[in-house]
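Here is how the chains run, residue by residue.
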Amino acid sequence: MVADKKVKSAISKVVREKIHSGKILNVVVNRDTTTDGDNILNVFVVFESKNNKIDAKETVGITRQVRNNLSEIGEESFPIFFYVEKSEAGDLAEAK
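Residues numbered from 1 in each chain as written. Predicted model: local features only at pLDDT ≥ 70, side-chain atom pairs only at ≥ 80, totals over all residues. Heavy atoms only, no water.

**Overview of helix H1 (residues 4-18)**
Turning to step 1, where the next piece is worked out: Over its 15 residues, H1 extends 21 Å from the first C-alpha to the last, a length consistent with the 21 Å expected when each residue adds 1.5 Å.
Turning to step 2, where the next piece is worked out: Val 7, Ala 10, Ile 11, Ser 12, Val 14 and Val 15 are the residues of H1 that are buried.
Turning to step 3, where the next piece is worked out: The secondary structure elements touched by the buried residues of H1 are strand S1 (23-33), strand S2 (39-48), helix H3 (62-72) and strand S3 (78-85). (Helix = DSSP H or I, 4+ residues; strand = E, 2+ residues; numbered from the N terminus. Expected span 1.5 Å × (residues − 1). Buried < 20%, exposed > 50% of the residue type's maximum accessible area, 1.4 Å probe, protein only. Contact = heavy atoms within 4.5 Å.)

**What to know about the sheet that holds S3**
Turning to step 1, where the next piece is worked out: Pairing is mixed across the open sheet formed by three strands, whose spatial order is S1-S2-S3. The open sheet has two edge strands, S1 and S3, and neither has a second partner. Geometrically, the sheet is characterised by an average inter-axis angle of 20° between neighbouring strands, direction not taken into account.
Turning to step 2, where the next piece is worked out: Of the strand pairs in this sheet, S1 and S2 are connected by ten bridges, and their pairing is antiparallel. (Pairing = 2+ DSSP bridges. Axes fitted to C-alpha atoms, helices over the stretch in contact; angles between N-to-C directions.)

**Considering the side chain of Ser 49**
Turning to step 1, where the next piece is worked out: Mapped onto the fold, Ser 49 is located in the loop between S2 and helix H2 (56-59).
Turning to step 2, where the next piece is worked out: Given a relative accessible area of 13%, Ser 49 falls into the buried group.
Turning to step 3, where the next piece is worked out: A polar contact is formed between the side chain of Ser 49 and the side chain of Asn 51, at a distance of 3.3 Å.
Turning to step 4, where the next piece is worked out: A distance of 2.9 Å separates the side chain of Ser 49 from the backbone oxygen of Lys 53, its partner in a polar contact.
Turning to step 5, where the next piece is worked out: For Ser 49, the residues in contact, after removing those within four places along its chain, are Ser 21, Gly 22 and Glu 85. (Polar contact = N/O pair within 3.5 Å; in protein donor to acceptor, adjacent residues only side chain to side chain.)

**So, the pattern of salt bridges**
Turning to step 1, where the next piece is worked out: The tally for this structure, following the rule as stated, stands at four salt bridges.
Turning to step 2, where the next piece is worked out: For Arg 31, the salt bridge is made with Glu 75, and the minimal N-O distance between the two is 2.9 Å. With Arg 31 in strand S1 and Glu 75 in the loop between H3 and S3, the pair connects residues that are 44 residues apart, well separated along the chain.
Turning to step 3, where the next piece is worked out: Each of Asp 4, Arg 31 and Glu 75 takes part in a single network of salt bridges with overlapping partners. (Salt bridge = Lys/Arg side-chain N within 4 Å of Asp/Glu carboxyl O.)

Here it is, written out as structure tokens:
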């Protein structure tokens, strides 16, 4: 299994390159499994923007782009994205 630091870096790179309608404050990545036993990555993109929204045009296709980056480092888990405004993030953090 790939080190979580590499996984987070690969995901953060794409997120920060593609999303400009809000300021990206943090990208939190937690490993999980589905009820079927498939490995997934819960990706919480914590952002701040004037209207508390991120432009959907910037997020379309981001999963595919992230999967390409993850594949390059040997990570097969599927990323699932959640976009969280700063005021809603609370104490959101990576699982230990």
